[in-house]
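# Coordinate inspection notes
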Amino acid sequence: MIRIKRAHVLLAALAAALCVPAAGISAGNGLPTTIGKGEGQLNLVAWEGYTQPQWVKPFTKATGCKVNAKYAGSSDEMVTLMRSGGGSQYDMVSASGDASLRLIYGKDVQPVNVNLIPDWKNFIPALKSPPHNTIGGQHYGVSLQWGPNTLLYNTTKVKPAPASWGAIYSAKYKGKITVPDNPIQIADAALYLSKHSPSLGIKDPYELNQKQFDAAVNLLKKQKPLIKKYWALASDEIDLFKNGDAVIGATWPYQTNTLIADKVPVKDLIPSEGATGWADTWMLSAKAKHPNCSYMWLKWISTPKVQAQQAIYFGETPANPKACPIMNKLSPGSAAQYHCGASAAYFRSIKFWKTPVADCGNGQKNCMDYTQWQQAWTQLKG
Amino acid sequence: MLLLAPPLLAFGFVYLASLVALFISSFWTVNPFTTEIERIWNIDNYRTIWESGAYRSIALRTIGIAAAVTLTDAVLAFPLGYFMARIASGRSRTFLFVAVLLPLWSSYLIRVYIWRLILNEDGVLNWTLGKVGLPHIHIAYTNWAVWIVFSYVWLPFMILPVFGALERVPHSLIEASRDLGAGGFQTFRRVVLPLALPGVIAGSIFTFSLTLGDYVTPLLAGGHPGTQFIGNVVYSSVGISNNVPFAAAFASIPLVVMAVYLLIARRLGAFEAM
């Protein structure tokens, strides 16, 4: 009996030892304190344009970690991909604020030791421990980049230039409008209504009670006959603008940059109502198979040069303001264009994506949750 | 018997077992915040599908377009199949065979994207219409586009069984019909068509089921409001909101439709023609 028990203890101890992250000696709180030798592979779930050879090739050369990236079309897809195959298929994800909390509460991601990321100290204060990736002082990832969702239009076909989001809800460009195929688009309608129907009392476009939610969905229902296509992939929207199927729509700056590079006459702007936006975090899967390469990636992606390269390629704002002078060196004027090192006031003016939950934060639990957003969106599209 | 065991086991465990798992999970639900599956028995998913006009019309649209594609392909395939089986000589028959099968050698996605280039606003179709002085048409990304693309990509799957059925019509029967005084049209209607019908039904099983289960073409060639298929709702329920139970419930619809369709097809003798 005793022998068997001992064997059990031994087995349990062995199992416990195997469970310690391979990334070095475990500290008191279970976080690694050093980065060990790379595993040679790194599997990422990322937004289109986040893993360009420009900065991935030098990373692989420096660390020996071969990067395999899977592009996701939406935050929801990212959450699903991170859960696929028991959660160990991918090491990291570039989650936006509307996915990060779901991943944390779903126990799909693990805390990281930000002290292993030297550049983290240089980040703008608002992105060091933002509520979308830091819970009770535990960091579930490292902030990456942020930016607004903008209004894109064809400068030769849309005159005068639009100044309000009203342009995508008006019949003037009927059949030439495109918006993302994404339930979070309801927040864009709510943002518009918060300025144009103040009686609804919308304060936060992600915290909507039934009445406010219905008003936003109704606005989108009225928009429905004006839509050419709900775009699912960034490349879909690029095609629509290239081929003359759409002349105005909601976009990310990435599509604008790609279209301008292809000499399509387009421009984008943040309309008078303000904009929704994203703040992305590289998060580490709870069952990551390549934790050392993951930490190396976190270090690499936070350095000023890589931050600047990605910011210019995608058209977004780096979390590390040390990247600003490098941005200007790579493309003069780009730091100001993307509000690099922006003031806290500008940062606050953008309504960053977050997961809609029933608990509105006002003590009441009468807000519409994300499942309701998703079902409303599917039914709206028809 | 020994050779038959592996495919039978695969069929039993992989296919039938997963169908059972699909059916069971359609009675579960998901946690709205973490979107984790919770194993609580309920019929809410089916109730949502039944009560929501949007899901009903998505299901009806899917079945309707699948039927329209099948009809279109049957109408296009019959004359071609007839020509290949009964009129064409050896050489031109080979040529037609290659022509029918050649598109299958290229990726399905490439063919869908090519149709996007043809149908879009500044595409080949509108360019041609403009050249001959006709007004532009705006069917890109609509259900019309979805119907055209489906009819194109599944056409070979209709032509081949129709050709097979027509080739098997014995020449002696046609001669007998003529000897008994039937004209060309009457022979076609009363001898050739009934004998070839199982081939058409066999082909329709392919075109109908392939359209019914597809979601890529509606996603790429569609996208206009009101172009979702059952497959798209299943895809977004699984791939986007991780609502596997709801997806399973919605996926039961094409399953039931196909079961009914196959029963009818069997009665019409399609399985002998395959």
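Residues numbered from 1 in each chain as written. Chains lettered and ligands numbered in written order. Predicted model: local features only at pLDDT ≥ 70, side-chain atom pairs only at ≥ 80, totals over all residues. Heavy atoms only, no water.

### Section: the overall build of chain B
Across its full length, chain B holds 13 helices and 2 strands. Seen through its principal axes, chain B has C-alpha atoms that stretch 75 × 65 × 35 Å. Burial analysis of chain B (274 residues in total) assigns 45% to the buried set. A sequence separation of at least 24 residues applies to 70% of the contacts in chain B between residues at least 6 apart. Entry remark: accessible area of chain B is about 14400 Å², with carbon and sulfur atoms responsible for 73%. Averaging the locations of the 16 positively and 12 negatively charged side chains of chain B gives two centres separated by 9 Å. (Helix = DSSP H or I, 4+ residues; strand = E, 2+ residues; numbered from the N terminus. Buried < 20%, exposed > 50% of the residue type's maximum accessible area, 1.4 Å probe, protein only. Contact = heavy atoms within 4.5 Å. Areas by Shrake-Rupley, 256 points an atom, 1.4 Å probe, with all protein chains shown as cover. Lys, Arg positive; Asp, Glu negative; His and termini not counted. Charge placed at Lys NZ, Arg CZ, Asp CG, Glu CD.)

### Description of the interface of chain A and chain B
Residue-level contacts link 33 residues of chain A with 37 residues of chain B. Interface area for chain A against chain B, summed over the two sides, is near 3000 Å², with a carbon-plus-sulfur share of 49%. When the buried area of chain A at its contact with chain B is split by residue, Lys228, Lys229 and Gly382 of chain A rank highest and sum to 18% of it. Taking the shortest distance from any N to any O, the salt bridge between Asp236 of chain A and Arg116 of chain B comes out at 3.1 Å. Counting the contacts that link chain A with chain B gives 13 residue pairs in polar contact (both at pLDDT 80 or more). Those elements that place two or more of their residues in the side of chain A that touches chain B are helix H3 (75-83), helix H4 (97-105), strand S10 (227-231), helix H7 (234-242) and helix H14 (370-381) of chain A. No other element matches the 6 residues that H14 of chain A contributes to the side of chain A that touches chain B. The residue makeup of the side of chain A that touches chain B, split by class, is 7 nonpolar, 12 polar and 14 charged. (Buried area = accessible area lost by both parts, 1.4 Å probe. Salt bridge = Lys/Arg side-chain N within 4 Å of Asp/Glu carboxyl O. Polar contact = N/O pair within 3.5 Å; in protein donor to acceptor, adjacent residues only side chain to side chain. Nonpolar A, V, L, I, M, F, W, Y, C, P; charged D, E, K, R; others polar.)

### Re helix H7 (residues 143-167) of chain B
The terminal C-alpha atoms of H7 of chain B lie 35 Å apart, and with 25 residues this matches the ideal 36 Å at 1.5 Å per residue to within 8%. Bending of H7 of chain B peaks at approximately 45° at the position of Trp154 of chain B, with proline Pro156 of chain B no more than four residues after it. (Expected span 1.5 Å × (residues − 1). Bend = angle between axes of the 7 residues up to and from the residue.)

### A few points about the packing of H3 of chain A against H4 of chain A
All names here are of chain A. For the pair H3 and H4, the least separation of the axes is 8 Å and the interaxial angle reads 30°. With respect to their mutual orientation, H3 and H4 come out roughly parallel. In this structure, the crossing between H3 and H4 has a hand that is right-handed. Packed against H3, whose contacting residues are Ser75, Asp76, Val79, Met82 and Arg83, the element H4 presents Asp98, Ala99, Arg102 and Leu103 at the interface. (Axes fitted to C-alpha atoms, helices over the stretch in contact; angles between N-to-C directions. Parallel < 35°, antiparallel > 145°, perpendicular 65-115°, else oblique. Left-handed = near helix turned anticlockwise from the far one by under 90°.)

### Some points on the environment of Asn45 of chain B
Residue and element names in this part refer to chain B. By the secondary structure assignment, Asn45 is in helix H2 (residues 44-51). Here the alpha-carbon distance between Asn45 and Ser57, two residues 12 residues apart in the chain, equals 16 Å. If we ignore the near neighbours within four places in the chain, the residues touching Asn45 are Ser26, Trp28, Pro245, Phe246 and Ala249.

### Topic: empty space enclosed by the protein
Any empty space left between the atoms is revealed when a probe the size of a water molecule rolls over them. Residues and elements named next belong to chain A. Counted by the stated rule, this structure contains 6 cavities of 30 Å³ or more. Approximately 90 Å³ is the volume found for the largest cavity. If you trace the largest cavity, you find it lined by Asn149, Pro180, Asn182, Ile184, Gln185, Asp188, Trp231, Ala250, Thr251, Trp252, Thr276 and Trp353. Looking at the lining of the largest cavity, the elements with two or more residues in it are helix H5 (185-196) and strand S11 (248-251). Its residues assigned to classes, the lining of the largest cavity shows 6 nonpolar, 5 polar and 1 charged. Volume-wise, the second largest cavity comes out at about 60 Å³. Forming the boundary of the second largest cavity are Trp47, Tyr50, Ser96, Asn149, Trp252, Trp278, Asp280, Phe314 and Trp353. Here the lining of the second largest cavity is composed, by residue class, of 6 nonpolar, 2 polar and 1 charged. (1 Å grid on protein atoms, 1.4 Å probe; cavity = no way out; pocket = protein on both sides within 12 Å on 5 of 7 lines; lining within 4 Å. Points joined across faces, edges and corners; volume = space filled by probe spheres on them.)

### What about the pairing of strand S2 (residues 66-72) of chain A?
For a regular strand, the rule is simple: side chains alternate between the two faces of the sheet. Residue and element names in this part refer to chain A. Pairing analysis gives 7 bridges linking strand S1 (residues 41-47) to S2, with the strands arranged parallel. Within S2, the residue paired with Val45 across the bridge is Lys70. Between the parallel pair S1 and S2, the chain is carried across by helix H2 (residues 53-63), and the sense of this crossover is right-handed. (Pairing = 2+ DSSP bridges. Right-handed = clockwise from strand over helix to strand, strands pointing away.)

### As for the packing of aromatic side chains
Residues and elements named next belong to chain A. Counted under the stated rule, the structure contains 38 aromatic pairs over all chains. What links up through ring pairs into an aromatic cluster is the set Trp47, Tyr50, Trp55, Trp231, Trp252, Tyr254, Trp278, Tyr313, Phe314 and Trp353. Stacked on the ring of Tyr370, the Lys or Arg Arg102 has its end atom at 4.4 Å from the ring centre. (Phe/Tyr/Trp six-rings, centres within 6.5 Å; stacked < 30°, edge-to-face > 60°. Lys NZ or Arg CZ within 6 Å of the ring centre and 35° of its normal.)

### Some points on H4 of chain A
Residues and elements named next belong to chain A. Within H4, 8 of the 9 residues are buried, which leaves the element mostly enclosed by the surrounding structure. Taken together, the buried positions of H4 are occupied by Gly97, Asp98, Ala99, Ser100, Leu101, Arg102, Leu103 and Ile104. Where H4 is buried, its residues contact H3, strand S3 (92-95), strand S4 (109-110), strand S5 (134-135), strand S13 (275-285) and H14. Where H4 ends, the next residue or the one after it, Lys107, has phi of about 60°, a positive value.

### Some points on a nonpolar patch on the surface
Residues and elements named next belong to chain B. Where nonpolar side chains cluster on the molecular surface, the patch consists of Leu255, Val256, Val260, Ile264 and Leu268 and spans about 430 Å² of accessible area. Within the secondary structure layout, Leu255 lies in helix H12 (residues 244-267). Classification of Leu255 by relative accessible area gives partly exposed; the value is 37%. (Patch = residues over 30% accessible without salt bridge, like charges linked within 9 Å, V, L, I, M, F, W, Y side chains within 5 Å.)

### What about the confidence of the model for chain B?
All names here are of chain B. Confidence in the prediction for chain B averages 89 pLDDT; 96% of positions are at 70 or higher. Of all secondary-structure elements in chain B, the lowest mean pLDDT belongs to helix H13 (residues 270-273), at 69, while H7 reaches the highest, 95. The ipTM value of the predicted complex is 0.79, and its pTM value is 0.79. (pLDDT = per-residue confidence, 0-100.)

### Regarding the packing of helix H3 (residues 53-87) of chain B against helix H4 (residues 90-101) of chain B
Helix-helix packing is characterised by the crossing angle of the two axes and by the distance between the axes. All names here are of chain B. The contact between H3 and H4 brings their axes to 9 Å, and the two run at 145°. Between H3 and H4 lies a crossing whose hand is left-handed. Contacts between H3 and H4 involve Leu80, Phe83, Met84 and Ala85 from the former and Arg93, Leu96, Phe97 and Val100 from the latter. Of the residues that constitute the contact of H3 with H4, the class distribution is 7 nonpolar, no polar and 1 charged.

### Focus: the pairing of strand S8 (residues 150-154) of chain A
Residue and element names in this part refer to chain A. Most of S8 is tucked away: 5 of the 5 residues are buried. With burial as the criterion, each face of S8 is covered, one bearing Thr150, Leu152 and Asn154 and the other bearing Leu151 and Tyr153. Relative to strand S12 (residues 266-269), S8 is paired through 4 bridges, and the arrangement is antiparallel. When the bridges of S12 are listed, Asn154 appears paired with Val266.

### Digging into the pattern of salt bridges
Pairs may arise between side chains of opposite charge once their charged atoms sit close together. Taken as a whole and judged by the stated rule, the model has 10 salt bridges over all chains. Connected via shared salt-bridge partners are Asp204, Glu207 and Lys354 of chain A.

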